[in-house]
Amino acid sequence: MNTKTGNTIVICFLMLFALVFSRPSTGYSKRVYDIPLVKNEDKKEKSLRAFQTILEVLKDPRCINCHPTGDRPRQGDDQHLHLFNVSRGESNNGGPVQKCNTCHHKENNNYSNVPGAPHWSLAPKSMGWFGLTDEEIAKRLTDPEQNGGRSPEDLVHHMKHDSLVLWGWDPGKGRTPVKVSFNEFEKALDEWLENGAHIPTEKADN
Amino acid sequence: MSKEETPEKKKKGFSRRKFLKNTGIVIGGGSLLLYFGRHKLRTFAAGFIADMDLPSGVSNFDPDFWFEIMEDNTILFKSPKVEMGQGIFTGFAMLAAEELEVAIEQIKVVPGSSVNSANDMAGTGGSGSTHSLYVSIREVAATMREMLRMAAADYWKVPLEDIRAENGMLLKGSESMSYADIVKNTEQWKTPKTPDLKLASSFKYVGTERKRIDLKPKVMGDAIFAIDTEIPDMLYAVVQYPEYIGGKLKSVDSSEAESTNGVIRVIREDNWVAVVAKNRYAAEMGKKALKLEWDVEKTWQQQDIDELVKVGNGRTVKLQDKGSASSVIKDDDIEVIHQEYRTSLGVHAQLEPNGVIADVKEDKAVIIMGTQAISFVKRAVSKAINMSSGKIEIRNSFLGGGFGRRYFKFNAPEAARISQILGKPVQVFRDRESEFTDGYFRPSSHHELKAVLNDDGTVKAISHTQATGDMGIKLAAGKMGMNIMGADFISAGHGAKFLYDFPNKKAYVEHIDMPIPTGIWRGVGMFPNGFAVETFIDELARKANTDPIEFRLKHLYSDDPIVKRMKNIIEILRDRSGWNTPAPEGVGRGFACGEDRKTVAAAAVEVQKIDGQIRVTKVTHIVDPGLVINPDGVRQQVEGCIMMGISASMYEGTYVKDGQMTATNYHQYPMASLMDTPEIEVIMVEGSAKPSGVGEPPIAPMAPAIGNAIFDLTGERQRKLPFQLT
Amino acid sequence: MNISFKINGKAVTVDTDPMTPLLWVVRDELSLKGTKYGCGKALCGACSLHVDGELYRSCSLPVKYAENKNVTTIEGLSENENELHPVQQAWMDINVPQCGYCQPGFMMAAAKLIEEIPEPTDQDIKENISNICRCGTHPRIIKAVKKAAQLKQSQKVQSDE
């Protein structure tokens, strides 16, 4: 084989790959999916690709910071543990003394610059994603046992309309909004659902 | 240790006391100026010659204070020193009650204002309030008691010996009248010679545990801080100061600010912009809407600051040179042990921001605030509004924390100017961002330490050079003083010298002109110097294979009274803290000590790793401040120094990035919280019959003791503050 | 806009921008100065107060959220001067404050804590009160919260008897 041509092919392939999959990094190591790049994608592939976009949103600091797998939420683009030793508490809305509502209310506060949205609280522990792999997040997200009995349709509706989810695109002064645009997110949700709501699974599970 | 039983020496000139008649009798102590009134510069010069042995950063003071007997027989004490948490009102009340023969509860201490009292050039700081007024307060109190007795003797027409003063009452046999009664019945007052003061052995209050006299109002929420004062028709303003180091205001777009609901006016002056509004919320929202541009000559970065604040870059002053350290320590000698230490810029972070209520009228200005230095405020306001200082009254309040932050950059001149322009009273308090970015800072510092050990592991020669920014010398001595002295050895030099009996020792301070305003922070030079010197001593002890406490004791043997007191507290601490028992698994132990303003302090610290984080778990602290007026007051100060020491060494630092300070509010300036509270034991020793300071000296051993304990636990030497913990 | 609520048991109505932080309404409209401004960002806790028994940092609580509710500030914590709230009594007994500026906020947090955790350990107190104090009253605050809890328990026992 001509070495030079081989190299060129590899480079082209990588460029194509990069174009399709490049998204702003959230600091997570990106998993590369073994999806063949052919012209006639089948529905599953479309759905899976759309899910990648959804994952980018889920893993954005604006979203995942309050989806801890443990009891302590995070803050900021650097995702440090939330100050003041904030913890989940019994109802996902803070400890017995200092609750989420001690500081956070229904809207962003332009005076204190404390962010806010309706029902500001932590996601339940079963919906904790922080530190999980894409496959693990995908499984938790779609498993009715863990997601509060939601069907894929319910999930899509929730992610399109829930005010706390929407806050991610209007997080207040000094905070970076979710890096995937809301339009793109909506489109991805539709594509994901229309094409069968497929999720990535660990190789071993295939 | 036993207290000496010598009567206090009387001060000259006390008979020139002023007498004033107000509501009841008022006795003033204006003559104190005569015995403390050396000219500032001469004081410094004298100290310079006397081996820099100055008691505090600012050693010139001429405080006035008044006692006033009220109709309900309480005694109003207008204090020249302000209460900022250090408990000085309680200590003063105890001292006064001692000679006035009243119950402490009968004395009401209020901060003096610049017209009725408190012409105190030194301000409140330098851990010097108790020490500097220990004799004077009692002398004035005793004089007043004698005047009351003399008046009572005249009233009852009996010899003076027949009159006793007890519990605020004057007694003749079975007859009695209150102090207030005699005041009502007296026209002509006789002046006694300054009476002999009580001997320490007959003190009734001094040395007893007293709760703070400001406890109840502070618990009920009705203690009045400056920010709590209201005057009719008061407007609210917030000031935007330069947003960049060295920034010069270039342009102001205030259209959005002016259209903010509630905003009345935007004022641009010199290098700041004020948003005036009908309430504080509107003023702050208006300020957020300002669009300002700044000319910035140089965009400073932390690296620039680190390169600037470095030994070799500053003007040097020699603080100590004993023996021949220079000839023993040769830079190219492999025997020389050499280490460098650094400390970061620090913020005071006191909870009440600086601020002022100003009411400037045509021919009178009233400034209400919480300040550590009334006289400086007066001078600054006089200049800002072009009004003679005689027409300006500064009223002090409780301070929501001081720590040195309230000596300058108090924003009184701006407030006075705003009120003058508006023709209305105005409340101008800093927001927290302004407090963090445009206050002044504890300067960063760089230290070089070198030593040569003898074969037996003792120190043959040692040297310390500290490079740092201004810590208050400009304030104390002005530019002229600075030129005379070259470096800020008075404030920055605290703790730079070696107390230990090393045969050859020298210490220098280098003054660096920093582009950021810097100044006094609890302990002034003691905090960074104590860290560098006592960490280095620990390193030497390890090198000499000697226990760190034994190593120190080996080098404390002379008859110097401070050396003896230091040795004493170290021995007590070693035994009480369990130093010589084996440390449990997972516990690191560290020790350090320090002397500041004749108070000696030492701490034994334990650290542990808890949930992956190193925490201070136990502190045994010992302090010898000489005579203790109020043990619980001293204990509070020591606890405060322990917590502030933990906070500053483990967490605190602000840095320069792209011409701005990185910390803009508490979330960017981590501090100790309840989570960081260790088990604490405070031990007090009275090694002298006179009180020395307790506000700052107890912080001296904290940073190095913690750093030394971390080394003991992890093997990683901490040579930077805050500690670099992984 | 007129907003009505009860503060320390007294009904009040204020005419103000509904987004005004309750802190400034309480301090400057209602002249209750015990609630302090410290940071303006809900970071320090100096402005802590209760609304319907829950703890809030009032610099970050728009006044509209207090509408028709019961606000309690440090001035209203005790029934009266002679019958102090257990927290205030404990603060007196332990001689807690230094400068005193942050203490009202700490006491309001402590009052909520002993409601929720009747027998708090040191760890409970450390984990559940995140206010900032600069003077270093932390060790006394921990002692005082435990003391307050004991006082509250003994009051309860007395009233049950």
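What counts and how
- Residues numbered from 1 in each chain as written.
- Chains lettered and ligands numbered in written order.
- Predicted model: local features only at pLDDT ≥ 70, side-chain atom pairs only at ≥ 80, totals over all residues.
- Heavy atoms only, no water.
- Helix = DSSP H or I, 4+ residues; strand = E, 2+ residues; numbered from the N terminus.
- Buried < 20%, exposed > 50% of the residue type's maximum accessible area, 1.4 Å probe, protein only.
- Contact = heavy atoms within 4.5 Å.
- Pairing = 2+ DSSP bridges.
- Axes fitted to C-alpha atoms, helices over the stretch in contact; angles between N-to-C directions.
- Buried area = accessible area lost by both parts, 1.4 Å probe.
- Salt bridge = Lys/Arg side-chain N within 4 Å of Asp/Glu carboxyl O.
- Polar contact = N/O pair within 3.5 Å; in protein donor to acceptor, adjacent residues only side chain to side chain.
- Core = buried A, V, L, I, M, F, W, Y, C linked by side-chain atoms within 4.5 Å.
- Right-handed = clockwise from strand over helix to strand, strands pointing away.
- Patch = residues over 30% accessible without salt bridge, like charges linked within 9 Å, V, L, I, M, F, W, Y side chains within 5 Å.
- Areas by Shrake-Rupley, 256 points an atom, 1.4 Å probe, with all protein chains shown as cover.
- Lys, Arg positive; Asp, Glu negative; His and termini not counted.
- Charge placed at Lys NZ, Arg CZ, Asp CG, Glu CD.
- Parallel < 35°, antiparallel > 145°, perpendicular 65-115°, else oblique.
- Nonpolar A, V, L, I, M, F, W, Y, C, P; charged D, E, K, R; others polar.
- Expected span 1.5 Å × (residues − 1).

For chain B, the name recorded in an unreviewed UniProt entry is Molybdopterin-dependent oxidoreductase, with Leptobacterium flavescens as its organism.

Caption draft 1: Fine view of the overall build of chain B. On a plain count of helices and strands, chain B comes out with 19 helices and 29 strands. With 726 residues in all, chain B has 64% of them scored as buried. Of all intrachain contacts in chain B linking residues separated by at least 6 positions in sequence, the fraction that spans at least 24 positions is 77%.

Caption draft 2: Spatial organisation of the overall build of chain A. A count of helices and strands for chain A gives seven helices and two strands. Listed by position from the N terminus, the elements making up chain A come as α-α-α-β-β-α-α-α-α. A total of 206 residues make up chain A; the buried ones form 42% of that total. Contacts in chain A between residues at least 24 apart in sequence constitute 60% of all its contacts with a sequence separation of at least 6.

Caption draft 3: Representation of unusual backbone geometry in the model. Residue and element names in this part refer to chain B. Here the bond from Leu 721 into Pro 722 is cis, since omega is -5°, no more than 30 degrees from zero. Among the structural elements, Pro 722 can be located in the segment after strand E29 (720-721). A positive phi is found at Asn 73, a non-glycine position, where the angle reads about 70°. Take Asn 73: it is sitting in the loop between strand E3 (66-69) and strand E4 (75-79). Under the relative-accessibility criterion, Asn 73 is labelled buried at 11%.

Caption draft 4: Representation of the sheet that holds strand E4 (residues 54-57) of chain C within the structure. All names here are of chain C. Strand order in the open sheet formed by five strands is E2-E1-E5-E3-E4, and the pairing between neighbours is mixed. Looking at which strands have only one partner, the edges of the open sheet turn out to be strand E2 (10-15) and E4. Along the sheet, successive strands turn relative to each other by an average axial angle of 40°, direction set aside. As paired strands, strand E3 (residues 48-51) and strand E5 (residues 70-72) are joined by two bridges and run antiparallel to one another. When the sheet's bridge partners are listed, His 50 is paired in E5 with Thr 72. Its contacts with the sheet put helix H3 (residues 103-116) on E3, E4 and E5, and the angle it makes with E3 is roughly 40°.

Caption draft 5: Quick peek at the interface of chain B and chain C. Contacts between chain B and chain C engage 61 residues on the former and 54 residues on the latter. Buried area between chain B and chain C, summed over both chains or domains, comes out near 4700 Å², and the portion from carbon and sulfur atoms is 58%. Considering only the side of chain B, the residues that lose the most area to chain C are Tyr281(B), Leu351(B) and Leu674(B), jointly responsible for 17% of the buried surface there. The tally of links from chain B across to chain C stands at eight salt bridges. In this structure, the salt-bridge partner of Glu433(B) is Lys41(C), at a minimum N-O distance of 3.6 Å. On inspection of chain B and its partner chain C, the count reaches 28 residue pairs in polar contact (both at pLDDT 80 or more). Elements with a contribution of two residues or more to the side of chain B that touches chain C: helix H6 (215-220), helix H8 (280-288), helix H13 (432-437) and helix H18 (631-650) of chain B.

Caption draft 6: Broad picture of the nonpolar core. Judged by nonpolar contacts, the single largest core of 201 residues is most densely connected at Phe67(B), Leu170(B), Val605(B), Tyr666(B), Ile706(B) and Trp91(C). Residue contributions to this core peak at 13 residues, all from helix H4 (residues 129-156) of chain B. Listed in part, the 45 residues of the second largest apolar core include Val239(B), Tyr241(B), Ile394(B) and Val428(B).

Caption draft 7: Up close: the interface of chain B and chain A. The interface is formed by six residues belonging to chain B together with four residues belonging to chain A. In total, about 450 Å² of surface goes out of reach between chain B and chain A, with carbon and sulfur atoms giving 64% of it. Remark: the boundary between chain B and chain A carries two residue pairs in polar contact (both at pLDDT 80 or more).

Caption draft 8: Up close: the pairing of strand E18 (residues 392-396) of chain B. Buried residues dominate E18(B), accounting for four of its five residues. Note on the crossover from strand E17 (residues 365-369) of chain B through helix H11 (residues 374-385) of chain B to E18(B): the handedness is right-handed.

Caption draft 9: Focus on a negative patch on the surface. All names here are of chain B. Together, Asp 332, Asp 333, Glu 335, Asp 455 and Asp 456 line one region of the surface with negative charge. Locating Asp 332 in the fold gives a position in the loop between helix H10 (325-328) and strand E15 (337-343). Assessed through its relative accessible area of 71%, Asp 332 is described here as exposed.

Caption draft 10: Geometry of the packing of helix H5 (residues 152-161) of chain A against helix H7 (residues 182-194) of chain A. All names here are of chain A. Contact geometry of H5 with H7 gives a least axis separation of 10 Å together with a crossing angle of 175°. When the interaxial angle is binned, H5 and H7 end up roughly antiparallel. For the pair H5 and H7, the contacting residues are Pro 152, Glu 153, Leu 155, Val 156, Met 159 and Lys 160 in the first and Phe 182, Phe 185, Glu 186, Leu 189, Asp 190, Trp 192 and Leu 193 in the second. Classifying every residue of the contact of H5 with H7 gives nine nonpolar, no polar and four charged.

Caption draft 11: Here's a closer look at H18(B). When the terminal C-alpha atoms of H18(B) are compared, their 28 Å separation across 20 residues agrees well with the 28 Å that a helix rising 1.5 Å per residue should span. Among the 20 residues in H18(B), 19 count as buried, and that is most of the element.

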